[in-house]
Amino acid sequence: MGRDTPIGAGPAGGFGRDDGAMRRQVVRVAVVAVTVALALLAVPLAIATRVAFFADELGELERDALAAAVRVSPEFAAGDPVELPVPSSDARIGLYDLSMRLRAGAGPDPADGPTRRAAAGAVVQEQASGDLVVAVPAYSTESVVGVVRAASSGREVWNRVFLAWLALLGAALVAFGSAVFVARRQARALAAPLESLSRTARAVAAGDLAVRAAPSGIDEIDQAAATQNAMVDRLVQLLQRERDFTANASHQLRTPLTGLQLGLEAAATLPEADLRAAVEEALEQSRHLDRTIEDVLRLARPGPGVPYRGQTCPAAELLARVARRWHWAFARDGRRLTVTNEPGTQSLLLPATAIDQILDVLLGNAREHGRGTVEIRLRETGPATAIDIIDEGTVTAGPDVLFHRGATTGTGAGIGLSLARDAAEILGGRLTLTSSAPATFTLLLPPS
């Protein structure tokens, strides 16, 4: 009990859920989150890429057109030729006069709409017939004398946009794959402790109360594991208490029941038996059985630690009653049972029911495993009261074995002495082996 390692138990009890379900759910949630994040990032980025590529192309066309417009001289209107500069890109540049005829370069003749509108003195940027067009007016002495038209193919710009989108898509796929990989690893890291906790719960449900959930390093899961371990510990305690109750009841009731049965059988079969005395003895035995049951029940349900006293009785009366109950058993074995009360102890008040229980265990132990005369001695030791059970036998086992529940030794240690020790502790006292030869057990009781 107390093993702290998870086990690999198979399905058992009512836990039929697939251990991999949580991993798949974690991965699914991560994939959905990454997909949404990539969509929210990639779609605006794709739009921005398209806008930026077209804006860059239009800006470059405008710079080429302006570079050509500054070369138009005042004599252009009189028919002087103009040498247009070489464009910085694959743009097509054309120079138009105010009659919208092409005078130099390349372009539609006569001029198209954007070129005509630029003659009014404004820079015009448009897409026309699949081309990007920028038309810039050429000035001379603050008057428009012509228009420079720069154009490039829109298909070429779209090709660059598509290439950029492909690169963006590749990056998104790499990010998605990396996210799935990380999500699977994290799912394993998160699910493994919970799967172990589930297997531990299945093992407990199957009856293995020794298994315990191991720590995982994750605070929330460790809290659940600690709660489960505490629950199992409590369950073990309850089951052990029930087993102890069964063993205690069987051990403590066997001897009184046997005595009651023998007394009644003797009264029924012997002609000279005193029936009234037999009935009185049977009533005394039944009352003792009732007290024994109460005491065993109290041991099965211990209180919060406050010493139990219960009904008290003068010491001399209590010990005399115990001696009468056990006298016939020792006499039948050819042994004597004596009671010694030291001066001043006869009027001491002792908890009757619990002392009955403890003395029955000690006297039964002395009858079964001791020898010779058995003495019950009541004495005072300082503020405490001591009751000694002494016989002429010898104890060979140590106290750690004597009072261990279920031990089997030549001295007869086992359930009885363990029960007597527990009853003494409930009284706030202590039961010890004070001498091995002669065998002496001492019950120390606190002041009443």
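I will try to describe carefully the structure that is included in this document. None of these values were measured; they are calculated from a predicted model.

## What about the overall build of the protein chain?
Looking only at helices and strands, the protein chain has 9 helices and 12 strands in total. Out of the 448 residues belonging to the protein chain, those deemed buried represent 38%. Sequence separation of at least 24 residues holds for 64% of the intrachain contacts in the protein chain that already meet a minimum separation of 6. For the protein chain, the computed accessible surface area is about 23800 Å², with 58% contributed by carbon and sulfur atoms.

## What to know about the environment of Trp165
Here Trp165 shows up in helix α3 (residues 154-205). For Trp165 and Arg50, which are 115 residues apart along the polypeptide, the C-alpha to C-alpha distance reads 8.7 Å. In contact with Trp165, other than residues within four places in its own chain, are Ala46, Thr49, Arg50 and Trp158.

## So, the packing of aromatic side chains
Counting across every chain of the model gives 5 aromatic pairs. Judged by centre distance (6.3 Å) and plane angle (70°), the ring pair of Trp158 and Trp165 falls under edge-to-face. Taking the relative accessible area as the measure of exposure, Trp158 reaches 27% and is therefore partly exposed. Grouping aromatic residues by their ring pairs yields a cluster made of Phe54, Trp158, Phe162 and Trp165.

## Details of the pattern of salt bridges
Under the criterion given, the structure shown has 13 salt bridges. Between Arg160 and Glu57 there is a salt bridge whose closest N-O contact spans 2.9 Å. One end of the pair, Arg160, is in helix α3; the other, Glu57, is in helix α1 (residues 21-69), and 103 residues separate them in sequence. Exposure remark for Arg160: the relative accessible area of 34% places this residue in the partly exposed category. With relative accessibility at 6%, the residue Glu57 sits in the buried group. Measuring nitrogen to oxygen at the nearest pair gives 2.7 Å for the salt bridge that ties Asp333 to Arg367. With a gap of 34 residues between them, Asp333 in the loop between α6 (315-332) and β7 (337-341) and Arg367 in helix α7 (residues 352-369) connect regions that are remote in the sequence. Salt bridges sharing partners connect three or more residues here, namely Arg321, Arg325, Asp356 and Asp360.

## Some points on the sheet that holds strand β3 (residues 124-128)
Strand order in the open sheet formed by 5 strands is β2-β1-β5-β4-β3, with antiparallel pairing between adjacent strands. The sheet is open, and its two borders are formed by β2 (102-105) and β3, each paired with just one other strand. Strand-to-strand, the axes of this sheet are offset by a mean angle of 25°, without reference to chain direction. Of the strand pairs in this sheet, strand β4 (residues 131-140) and strand β5 (residues 143-153) are connected by 10 bridges, and their pairing is antiparallel. By the bridge assignment, Pro137 is partnered in β5 with Val147. Packing of α1 onto the sheet brings it into contact with β1 (92-97), β3, β4 and β5, and relative to β4 it is tilted by some 30°. Seen against the sheet, α3 touches β4 and β5 and runs at an angle of roughly 50° to β5.

What counts and what doesn't
- Residues numbered from 1 in each chain as written.
- Predicted model: local features only at pLDDT ≥ 70, side-chain atom pairs only at ≥ 80, totals over all residues.
- Heavy atoms only, no water.
- Helix = DSSP H or I, 4+ residues; strand = E, 2+ residues; numbered from the N terminus.
- Buried < 20%, exposed > 50% of the residue type's maximum accessible area, 1.4 Å probe, protein only.
- Contact = heavy atoms within 4.5 Å.
- Areas by Shrake-Rupley, 256 points an atom, 1.4 Å probe, with all protein chains shown as cover.
- Phe/Tyr/Trp six-rings, centres within 6.5 Å; stacked < 30°, edge-to-face > 60°.
- Salt bridge = Lys/Arg side-chain N within 4 Å of Asp/Glu carboxyl O.
- Pairing = 2+ DSSP bridges.
- Axes fitted to C-alpha atoms, helices over the stretch in contact; angles between N-to-C directions.

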